[in-house]
Structures are given as C-alpha cells and as structure tokens.
Amino acid sequence: MIFLLNWSNVSFLIGRMHPLLVHFPIGILSLAVLMEFWRILFNKKELEKAALFSLYVGFFASILAGFSGYLLSQDGGYSTDTLTPHRWAGISLVVLNILAIVLKTVFRNEKWSLRLYILTLVILLGVVLYTGHLGGTLTHGSDFFNVSQTDQVNVRKNFPLSELSQPKEAYLFKDIVQPILHNHCGSCHNPQKIKGGLDLSTFTSIMEGGDSGPLNVNSISESELLRRLEEPLNSEDRMPPKGKLQLSNMQLELIKWWVAEKYPEDIQIVHMNLPNNIELIFNRSEDLNHPVYSNDTLPHADEVVLTSLRRKGYGVNVIAEDSPFLEVRYKFKKAADAGEIAEDLQPVAHHIVWFDLSGTAIEEADFSRFENLTRLNLSQTNISDSALKSISGLRNLEYLNLHSTQISSEGSHQLGSLPSLKNIYPWNTGILPEDVQWLKQRLPEAEIFLGVADES
Amino acid sequence: MKVDDQRVHLCNCNMNRRHFLQKTSMGLGMFALGALFNPTSLFSKGRLTDNLKSESPHHIPKAKRVIFLFQSGGPSQHDLFDFKPFLNHMNGDELPDSVRGEQRLTGMSSFQNSFPLVGTRWSFDQYGESGAWVSELLPHTAAISDDLCFVKSVYTESINHDPAITFFQTGSESPGLPSMGSWMSYGLGSENENLPAFTVLISRGSGRPKDQPLFSRLWGNGFLPSLHQGVQLRAGEDPVLYLNDPDGLNRMSRRNMISALKDLNQLHVSEFENSEITSHIQQYELAYNMQTSVPEVTDLSDEPESVFELYGEEARKPGTYAANCLMARRLAERDVRFIQLYHMGWDQHDNIPRQLPQQCKDVDKASAGLITDLKQRGLLDDTLVIWGGEFGRTAYCQGPFTEHTFGRDHHPRCFTMWFAGGGIKNGISYGKTDDFGYNVIENPVHVHDVQATIMHLLGIDHKRLTYKSQGRNFRLTDVHGEVIHDILA
C-alpha cells in the first residue's frame with residue numbers, strides 16, 4: 001500500500017472520488033427533505049427522527065463530497081465559469097444544512113422556528129439540485145441535455161474517410177482531423193470542460209494548445225499532441241486515456257501526417273503530396289467507399305434465419321465483424337435446387353454479397369433479387385445462357401466465375417451491360433476469343449482470362 | 001542509463017480512481033461475471049460454451065485461403081531471382097569484411113580461411129511487362145512473372161534449418177507454438193466440414209533426396225485446441241494413416257460407434273468441461289467424414305490430360321511436388337483454408353551446379369502451372385500463393401570452389417520469396433539487396449512482417465488474434481510484425 005504514504009497521490013485519489021461521493025449528499029438530503037414534508041403533510045410522527053438522522057448523515061456526506069471536490073478542483077481543467085458557482089453552491093448547501101439542524105434541535109421550541117425550518121429545507125433542496133446540475137455540466141458539458149444541439153455538431157462516426165464520397169476532395173483539417181479530434185477528444189477538451197487547459201474544438205483553440213503551451217509549428221518531434229497520442233495505453237499521459245474511445249491506427253497516421261505538414265488549416269487533399277502510407281489509406285478507403293460494403297443502413301441479418309440456413313446446409317458467414325453483409329455457399333452440391341435455394345435465401349437476399357454455387361447441380365436460376373451481389377461463382381454448374389439474363393441487372397457484380405459451364409457466345413453478350421465487372425472467368429465454356437474481345441471493348445476495366453488448357 | 005528515481009516512484013504509486021475502482025468494484029464484479037461466462041473456472045456445472053466456433057474476420061478479406069509452397073532447405077536466391085552482375089564480376093575475390101560485418105556464420109563454413117565470392121553460373125533475363133529478373137533455371141516461373149510479386153529483401157533470425165522453419169511457421173524459434181495454418185484455422189474456422197482446415201503435403205527434392213528432415217510439430221497446433229493441427233496427406237494407398245476402417249467393419253457400425261463415443265464424451269464434457277474433449281468429438285466426426293472426402297480429393301482420375309500438360313507429367317506420380325501442387329488446387333477448390341506444401345532438398349552446401357537444376361526442375365513447371373490453373377478457374381483471385389524457403393544462401397562459396405563446382409552456406413540476412421493472388425499487387429519486385437546480395441539495403445521484410453501480411457490478407461489483424469496460454473496472450477507475430485502495405489493491391 002505504498003500509495004498511502006504519498007500525500008499527492010492520496011489527494012489525487014480522493015479528488016477523483018468526488019463524482020462518486022457527491023451522490024450521497026444529493027440522495028440523503030433529498031430524502032431528508034422528503035421525509036420532513038411527508039411528516040408535516042400526513043402527520044407521520046415516526047419520520048421525525050429519521051429526517052433528523054438523515055440531515056446529520058447528509059451533513060457528513062456533504063463535507064466529504066466538498067472536501068474531495070476541492071481536491072479535484074486542484075487538478076485543474078475545469079472552466080471557472082461553472083466551477084466557481086458550483087463551489088459556492090456547495091458551500092451554501094453545507095451552511096443551509098447546518099442551519100436546518102440547528103433549527104431542528106436548538107430552536108425547536110421557538111414559535112418562529114418551524115416556518116424558517118421549512119423555508120430552509122425548500123432552499124436546501126433547490127441548492128442541492130442546482131449544485132448537482134452545475135457538477136453535471138462540468139463533467140458532461142452544457143449541451144448534455146440539449147438534443148438538437150448535439151445533432152448540429154458535425155459528428156462523424158468510426159473512420160471519417162468512409163463518409164466522404166470523394167476523400168481526396170476533402171479538406172485535411174475540416175473533414176478529417178477535426179472530426180477525429182471531436183469524436184475522440186471532444187468530451188474532455190471542449191470550451192466547457194477544458195481539461196489540461198486544452199480545447200480541441202476549433203482550429204484556433206487547438207493551435208493555442210493547453211497548459212503545456214501552444215503547438216510549435218516548426219518542430220514535429222516536440223509535438224505534445226502526438227506524444228500524448230502515442231504514449232502506451234497504460235501511461236498516465238496517454239490520450240485518449242485507457243477506457244475511452246481510442247484512435248485507430250489509420251486515424252493516428254492521418255493526425256501524424258497533419259502534424260508533419262505543419263498543421264495546415266485550409267488545404268484540400270488533392271493539392272497535397274501524399275506520402276506512401278497516406279496514399280495507401282486513401283486507396284484503401286475506396287474499399288470503405290465501396291458502394292455496397294459501406295452501406296450502413298442495412299440492419300444485421302436475423303441470427304435465427306442464419307442458424308436455420310446453416311442447418312439446411314448453407315455455409316453462411318458475415319464478411320467481416322460489424323458488417324451486415326454475408327457470404328453464402330451451398331454445401332450439398334448434388335442436391336441443389338435453384339428454386340428452393342432462392343426461397344431459402346429470400347429473407348437475406350439483400351445481405352448476400354458473395355455467393356458461391358460452384359460445383360452444384362443447378363441449371364436455371366434467377367439472381368435478380370440478390371441485388372447487392374459483388375461476387376458470384378457459378379463454375380462447374382449446369383447453368384446456361386438463359387440464367388445469365390437475370391445476372392444482367394446486378395449493377396454491383398465485380399467477380400463472375402463461369403468456368404466449365406454451358407455458357408456460350410450468346411450468354412456472354414448479356415454481360416456487356418454490367419458496369420462493375422472486374423473479373424470474368426469464362427474458361428472451358430462456349431465463349432470464344434472473339435467474344436472476349438467484344439466484352440473487353442465494352443468493359444475496358446475488366447480482366448477476362450480465357451485460360452490455357454481449354455483446347456482439349 | 002541513469003534511472004530517474006522520481007519517475008520510478010511515480011510508477012510505483014500509480015493508482016488513481018480509475019485503477020482503484022477497476023481493482024475493487026469492477027474486479028469483484030468481473031470475477032462474478034467471469035464465473036457466469038466461464039462455468040469451468042468457478043463452482044458451476046453448466047455447459048461450456050463452444051469456444052471453438054470460428055470468429056468472423058476483423059476486416060473484409062482479400063484472400064480466403066493460402067497455398068504455401070514452402071521450399072525447405074533455403075533456395076539460392078543468387079542463382080534464381082536476385083541477379084547481381086557485380087557478384088559475377090567479383091567472382092573469386094574475397095568477401096570484404098565491411099560487407100560481412102558482424103554476421104555470424106554457421107559452423108559449416110566459419111572455419112574456412114577464405115570466403116571467395118561466387119557469381120551465378122546461369123544467365124538471367126528480364127521477363128514480362130514488369131521486367132522481372134529470373135534465372136534460366138526457372139523458365140516457366142519466368143513466363144508467369146507478371147502474375148507474381150517478388151520480395152527480395154526477406155530476412156530472418158535463424159541460421160539453421162529447424163529453428164528457421166519453426167520460426168517461419170510458428171513465429172518463434174523454440175518449438176511448441178501453433179503453426180501458421182493452425183492459427184488461421186482457429187481464427188477463421190473451416191469452410192468444409194469434410195476436410196481439415198489445415199492440410200499438409202510433403203515432397204522430396206531430387207537435388208538432395210535425403211535432406212533436410214521435417215518434423216510434424218511444424219504443423220502442430222501448440223496450445224490451440226488440437227482440432228486445429230495440420231493433417232498430412234501422404235502419397236500412396238493411405239493418404240491419412242489409420243483413417244480407413246479395418247476389414248470387416250462396415251460404415252454403419254463405424255457410424256454407430258462414433259455416435260456412441262460422442263454420447264460418452266458428452267457425459268465427460270458436462271462433468272469436466274474440458275475443451276479438449278469437445279475438440280476430440282469434432283475430430284472423430286471430421287475423421288468419419290474424411291473417410292469419404294479424402295479418397296475423393298486424392299483421386300486424380302477425373303483430371304483431364306490438359307491438366308498434366310500444365311503441371312507436368314510428374315503430377316501423375318503421387319508424392320511428387322507436381323502432384324502436390326495439383327492436390328493443392330483440388331483442396332483449394334474444396335475451400336480448405338490453409339494448404340501447406342513442403343518441398344525438401346534445397347540445402348545446397350556443395351555442388352550447386354549439379355543439384356540446383358534438379359531442384360528447379362522439380363518445382364518450376366508445377367508452381368507456374370498451379371498459378372495458371374488457379375487463374376483460369378477464378379481461384380487466384382481469392383487464394384494467396386506463397387513460394388519461398390526459411391532463409392537464403394551466401395554470396396560466398398562454401399566448400400570446394402572449382403570450375404565445375406561450388407556451394408553456398410545458409411544466409412539469413414536476405415532471401416527472395418514470391419507471392420501471388422488474393423490481394424497481392426502483381427508484376428512488381430519489392431525490396432533491394434546490396435551489390436553482393438549480402439545485406440538488405442531497401443525495404444527490409446522480416447518474417448514477422450510476412451506473417452502479419454498473410455493474416456491481413458485473410459482479414460485478420462495480427463495484433464488481435466491471440467490465445468491465452470501459460471498466463472499470457474500469444475500471437476503468431478509475438479510482439480512484432482508490420483503489414484507490408486506496399487505489396488498489397
């Protein structure tokens with residue numbers, strides 16, 4: 001118990017207990033007032049002693065809360081605009097509490113005391129609530145109750161790049177750095193709650209820095225901002241502290257880049273030189289900008305449906321954690337029946353992005369309902385040209401595997417209207433080199449590999 | 001280093017409200033909650049939740065499966081991929097001390113009085129649109145070089161075979177940790193309940209048919225549930241030993257026996273809550289399914305003639321590298337997660353001019369054939385193929401150096417691997433070695449980086465896939481590893 005030996009640590013610890021301790025006086029004093037009123041209104045005499053007892057306990061609890069609150073305020077970081085009234089409200093609360101006790105005990109037989117006592121209790125209750133409210137403002141910010149105001153703040157969730165339709169058109173500070181800082185740091189570094197003297201809400205306030213001084217534009221290595229972000233998670237200096245929402249590696253890279261570029265305010269990413277790692281982030285963000293995978297309006301598929309599909313012999317997995325999208329394979333290859341499969345999968349038709357029916361016995365199939373499909377594997381099936389008609393409406397399809405099927409030239413012409421197609425596998429089908437040429441003219445982005453060993 | 005007393009003291013006193021609450025209220029709460037979640041740890045006799053169930057990937061994967069063409073013994077990068085005209089020029093001259101630096105040597109060449117540099121005996125040329133340098137020893141690989149990504153700056157920690165292969169497979173030189181394939185099986189689960197998610201195929205090299213031995217612990221599951229260990233498919237009658245029923249036992253009896261055994265084991269699970277029993281139940285089921293699936297997958301009679309033209313005639317001979325490559329494609333088609341090949345015999349300490357061409361002949365056509373075959377079947381798109389050994393070979397000669405012969409010793413400081421398929425940028429060469437081909441001078445890639453990259457492509461964050469054993473969480477990449485983003489498509 002070495003920490004007990006050091007006063008600064010004890011005071012720190014007790015100070016940090018304040019948010020815990022304040023609830024005792026709030027609860028106990030409110031209860032005391034309530035019991036006293038109850039007694040007077042309904043003449044419940046038995047409550048008298050309990051109310052007095054509660055006032056005593058409330059007194060000690062408020063002393064304790066006040067003491068710890070004083071120690072906490074020594075840490076700094078709270079806006080004095082709110083802190084000073086909070087402190088005085090707390091002190092008046094104790095005074096009113098003492099007054100109430102004195103009226104109840106010493107002057108209880110005086111005629112005037114009852115009215116004064118009731119008045120004191122009413123004020124006491126008001127002050128308790130007011131003090132608590134100010135404390136809440138210090139901890140949660142003044143807009144905590146204000147729903148509309150929270151909405152007005154430009155809050156981007158998760159990785160901000162995913163919400164930018166054209167990441168490179170974005171402004172580095174306004175569209176990327178500021179939302180990251182707002183989401184991850186804003187709850188403690190805002191104009192109301194300036195922890196460490198640092199307000200990270202606007203460009204100017206960020207540049208002003210906190211207690212450790214303004215940001216030094218000329219020295220990246222001395223950036224306090226970066227140092228704090230990169231401290232180990234267990235370190236006292238680490239920001240955001242352990243237990244708070246952390247920055248992802250990508251977000252950290254972006255912040256580092258912003259610092260390395262000497263904190264630019266008004267510059268679009270297209271006008272900047274992207275270092276390798278940043279270029280990669282933007283390239284990868286295309287993945288997050290994928291028209292299908294980034295759709296976050298789709299609710300997750302019903303777990304019950306997934307379980308019943310698995311029992312029926314479907315391999316069903318979400319493509320990544322937190323994603324609503326599914327990959328589906330059918331395992332009982334010989335027994336596959338296209339109509340039955342379509343019916344089974346109907347409840348999750350919009351969830352399926354990767355669909356593997358390779359090697360199954362299906363012949364005809366209607367894929368039009370699976371409108372989010374990006375990968376479809378029909379290789380080694382009995383599928384023929386007519387089935388490709390339903391594929392021609394799949395605007396998101398990128399990968400289409402048709403090898404070793406009955407598809408012919410005619411079917412391949414259905415594919416020319418699929419703008420997203422990137423990979424087509426027509427090996428070992430009736431599709432001829434001239435069809436491939438035809439397709440390549442219409443889909444210049446697509447890679448079509450006819451294979452090498454199809455002569456036999 | 002000066003120890004700052006004040007800081008040490010502060011560290012010792014590091015208890016604040018957060019820690020305090022965590023250690024007291026949360027600690028006790030979590031203790032109770034933990035008991036609810038994990039009935040084995042406390043007094044409860046409730047049923048153990050199935051902790052073997054696969055998780056979903058951390059991010060959207062680029063590859064769904066891996067074929068690792070492990071070239072065991074250490075292929076000579078100087079004679080295959082890492083072309084050094086300067087080394088040819090310096091042929092016979094002494095290796096400068098400044099290049100060797102503090103590099104340790106193996107006991108096999110450290111006693112040599114002289115370390116003459118030796119250039120390659122084979123001609124190199126640039127191939128494809130990418131202009132990759134490949135030796136004449138690998139004509140088929142050269143022909144598909146636009147589909148490959150050559151990484152010339154891989155380096156490792158170990159200088160001898162077993163620790164180096166163990167390091168590559170398990171992330172640690174000391175044996176006993178789970179193999180890469182076991183980690184993938186544990187992290188991603190199986191997509192085919194009839195075949196093991198981690199399958200191993202071994203072939204012997206013609207260059208040095210007797211060396212180096214491999215140990216089955218290289219594909220062991222370590223502390224992971226034993227369901228995730230690699231299963232070796234052998235050549236010949238019995239691809240998996242003791243898998244077939246003995247004479248006189250029909251399949252129905254076997255089924256009844258396994259069902260009864262399962263019931264008995266379930267009784268034990270409910271009593272002892274040992275996850276290894278659950279693992280055994282699943283293994284019995286898998287083995288039963290494999291009684292039909294393994295003969296099916298190893299039967300090449302449904303493969304057309306054109307396939308053997310592609311992989312080479314050798315592919316008809318079970319147990320050859322070519323046959324294993326073909327098997328790898330068949331396993332990939334059946335969604336086996338991690339297919340690990342080992343081709344032995346790359347350990348050319350002497351007589352490279354005789355041994356190396358034979359080794360290359362073993363693997364060249366089949367490796368290239370595998371890539372082409374995967375590509376035409378649309379499998380290369382989501383299959384990651386890796387070719388490489390546990391380390392490289394020295395720029396200097398080991399043993400007799402004559403006009404007809406020379407050898408090269410183990411060299412961990414740099415070697416070449418190639419990658420292809422799922423999520424890899426093809427048609428590039430990454431990383432550079434110096435003019436001697438001795439040290440990496442640009443974009444070094446550590447073995448842990450390779451592992452992190454493989455996991456990344458499969459949708460796994462290598463820092464997040466952990467397993468607690470002996471009181472701490474383990475990772476394949478230990479506390480190291482950076483994803484090589486530059487080689488990702």
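Residues numbered from 1 in each chain as written. Chains lettered and ligands numbered in written order. Predicted model: local features only at pLDDT ≥ 70, side-chain atom pairs only at ≥ 80, totals over all residues. Heavy atoms only, no water.

So, the overall build of chain A
Inference 1: Regarding its fold elements, chain A presents 17 helices and seven strands.
Inference 2: Expressed as a percentage of the 456 residues in chain A, the buried residues total 46%.
Inference 3: For chain A, the accessible area works out to roughly 23700 Å², and carbon and sulfur atoms hold 56% of it. (Helix = DSSP H or I, 4+ residues; strand = E, 2+ residues; numbered from the N terminus. Buried < 20%, exposed > 50% of the residue type's maximum accessible area, 1.4 Å probe, protein only. Areas by Shrake-Rupley, 256 points an atom, 1.4 Å probe, with all protein chains shown as cover.)

Digging into the overall build of chain B
Inference 1: Helices and strands together make up the secondary structure of chain B, namely 14 helices and 17 strands.
Inference 2: Burial status across chain B gives 56% buried among its 489 residues.
Inference 3: When contacts within chain B are restricted to residue pairs at least 6 apart in sequence, those whose partners lie at least 24 apart make up 77%.
Inference 4: As displayed, chain B offers around 20900 Å² of accessible surface, 52% of which is attributable to carbon and sulfur atoms. (Contact = heavy atoms within 4.5 Å.)

Things to note about the sheet that holds strand E3 (residues 352–356) of chain A
Inference 1: Ordered in space as E1-E2-E3-E4-E5-E6-E7 (chain A), the seven strands form an open sheet in which the pairing is mixed. A single partner strand is all that each edge strand has here, and the edge strands are strand E1 (314–318) and strand E7 (447–448) of chain A. (Pairing = 2+ DSSP bridges.)

A closer look at the packing of helix H5 (residues 80–105) of chain A against helix H6 (residues 113–140) of chain A
Residues and elements named next belong to chain A.
Inference 1: Where H5 contacts H6, the two axes come as close as 8 Å, and the packing angle between them is 155°. Between H5 and H6, the interaxial angle falls into the category roughly antiparallel. Viewed along their axes, H5 and H6 form a crossing whose handedness is left-handed.
Inference 2: Of the residues that constitute the contact of H5 with H6, the class distribution is 18 nonpolar, nine polar and one charged. (Axes fitted to C-alpha atoms, helices over the stretch in contact; angles between N-to-C directions. Parallel < 35°, antiparallel > 145°, perpendicular 65-115°, else oblique. Left-handed = near helix turned anticlockwise from the far one by under 90°. Nonpolar A, V, L, I, M, F, W, Y, C, P; charged D, E, K, R; others polar.)

Observations regarding the confidence of the model for chain A
Inference 1: With 89% of its residues at a pLDDT of at least 70, chain A reaches an overall mean of 83.
Inference 2: Confidence drops under pLDDT 50 across residues 148–159 of chain A; counting only partners more than four residues distant or on other chains, this segment forms 19 contacts. (pLDDT = per-residue confidence, 0-100.)

As for the side chain of Arg238 of chain A
Residue and element names in this part refer to chain A.
Inference 1: Inspection of the secondary structure puts Arg238 in the loop between helix H10 (224–230) and helix H11 (249–260).
Inference 2: The charged side chain of Arg238 is buried without a salt bridge, its nearest counter-charge being Glu231 at 8.3 Å.
Inference 3: Engagement of the side chain of Arg238 in a polar contact is seen with the backbone oxygen of Glu231, the distance being 2.8 Å.
Inference 4: The residues contacting Arg238, other than those within four sequence positions of it, are Arg228, Leu229, Glu231, Pro232, Leu233 and Gln246. (Lys, Arg positive; Asp, Glu negative; His and termini not counted. Salt bridge = Lys/Arg side-chain N within 4 Å of Asp/Glu carboxyl O. Polar contact = N/O pair within 3.5 Å; in protein donor to acceptor, adjacent residues only side chain to side chain.)

Side note on the nonpolar core
Residue and element names in this part refer to chain B.
Inference 1: Membership of the largest hydrophobic core comes to 59 residues, with the highest contact counts inside it found for Ile67, Leu69 and Trp418.
Inference 2: At nine residues, the largest contribution of residues to this core is made by helix H13 (residues 352–376).
Inference 3: Ignoring anything within four residues of it in the chain, the contact list for Trp418 reads Leu69, Phe81, Thr141, Leu148, Cys149, Phe150, Ser367, Ile371, Val385, Ile386 and Trp387.
Inference 4: Counting residues in hydrophobic clusters, the runner-up holds 52 residues, among them Ile165, Phe198, Met417 and Leu458. (Core = buried A, V, L, I, M, F, W, Y, C linked by side-chain atoms within 4.5 Å.)

What about the pairing of strand E1 (residues 65–71) of chain B?
Residues and elements named next belong to chain B.
Inference 1: Within E1, seven of the seven residues are buried, leaving the element largely enclosed by the surrounding structure.
Inference 2: Where E1 lies against strand E8 (residues 383–388), six bridges are found, and the strand directions are parallel. Within E8, the position partnered with Leu69 by the bridge is Trp387.
Inference 3: Judged from the six bridges that link them, E1 and strand E7 (residues 338–343) form a sheet pairing that is parallel. Pairing of Gln71 across the sheet is with His343, part of E7.

Some points on the pattern of salt bridges
Residue and element names in this part refer to chain A.
Inference 1: Summed over all chains, the structure comprises 44 salt bridges over all chains.
Inference 2: Among the salt bridges present, the one from Glu48 reaches Lys104, with a minimum N-O distance of 3.1 Å. Taken together, the positions of Glu48 in helix H4 (residues 47–74) and Lys104 in helix H5 put the pair 56 residues apart, joining distant regions of the chain.
Inference 3: We note a salt bridge from Glu398 to Lys422, for which the minimum N-O separation is 3.9 Å. Of this pair, Glu398 sits in the loop between helix H15 (385–391) and strand E5 (399–401) while Lys422 sits in the loop between helix H16 (409–412) and strand E6 (423–425); the two residues are 24 residues apart in sequence, bridging distant segments of the chain.
Inference 4: Judged by its relative accessible area of 17%, Glu398 falls in the buried class.

Some details on the packing of helix H7 (residues 161–170) of chain B against helix H14 (residues 447–457) of chain B
Residue and element names in this part refer to chain B.
Inference 1: Interaxial distance between H7 and H14 falls to 9 Å at its minimum, and their mutual angle equals 30°. Comparing their axes, H14 and H7 come out roughly parallel. In this structure, H7 meets H14 at a crossing whose hand is right-handed. Contacts between H7 and H14 involve Phe167, Phe168, Gln169 and Thr170 from the first element and Val447, His448, Val450 and Gln451 from the second.
Inference 2: Partitioning the contact of H7 with H14 into residue classes produces four nonpolar, four polar and no charged.

Examining the environment of Leu229 of chain A
Inference 1: With respect to the helices and strands, the residue Leu229 of chain A is situated in helix H10.
Inference 2: Once residues within four sequence positions are removed from consideration, Leu229 of chain A is found in contact with Arg238, Met239, Pro240, Leu247, Leu252 and Ile255 of chain A.

Examining H13 of chain B
All names here are of chain B.
Inference 1: An ideal rise of 1.5 Å per residue puts 36 Å on 25 residues; H13 measures up with 35 Å between its terminal C-alpha atoms.
Inference 2: By the criterion of burial, H13 is predominantly enclosed, with 19 of the 25 residues buried.
Inference 3: Two residues or fewer after H13 comes Gly378, characterised by a positive phi angle close to 75°. (Expected span 1.5 Å × (residues − 1).)

Regarding the confidence of the model for chain B
All names here are of chain B.
Inference 1: For chain B, mean pLDDT is 88; residues scoring 70 or higher make up 89% of the total.
Inference 2: Confidence over residues 34–54 falls short of pLDDT 50; this stretch has 26 contacts with residues more than four positions distant or in other chains.
Inference 3: Overall fold confidence for the complex sits at a pTM of 0.69, while the interface term, ipTM, reaches 0.84.

Concerning the packing of aromatic side chains
All names here are of chain B.
Inference 1: Tallied over the entire structure, the rule returns 30 aromatic pairs over all chains.
Inference 2: Centroid distance Phe223 to Tyr467: 5.7 Å. Interplanar angle 10°. Geometry classified as stacked. A residue pair is termed long-range when its members are at least 10 positions apart, and Phe223 in the loop between strand E5 (198–203) and strand E6 (231–232) and Tyr467 in strand E16 (residues 467–469) qualify at 244 residues.
Inference 3: For Tyr467, a relative accessible area of 19% gives the class buried. (Phe/Tyr/Trp six-rings, centres within 6.5 Å; stacked < 30°, edge-to-face > 60°.)

Concerning the environment of Pro85 of chain A
All names here are of chain A.
Inference 1: One can find Pro85 in helix H5.
Inference 2: Owing to a relative accessible area of 28%, Pro85 belongs among the partly exposed residues under this scheme.
Inference 3: Sequence-distant contacts of Pro85, defined by excluding residues within four places in its chain, comprise Thr80, Tyr130 and Leu134.

Digging into unusual backbone geometry
Glycine aside, a negative phi is what most residues show, and trans is what most peptide bonds show.
Inference 1: The omega torsion of the bond from Met239 of chain A to Pro240 of chain A falls at -10°, within 30 degrees of zero and hence cis.
Inference 2: Its place among the elements puts Pro240 of chain A in the loop between H10 and H11.
Inference 3: That bond from Asp211 of chain B to Gln212 of chain B is cis: its omega, -25°, falls within 30 degrees of zero.
Inference 4: Tracing the sequence through the fold places Gln212 of chain B in the loop between E5 and E6.
Inference 5: Even without being glycine, Asn43 of chain A reaches a positive phi, approximately 55°.
Inference 6: With respect to the element layout, Asn43 of chain A can be found in the loop between helix H3 (23–42) and H4.

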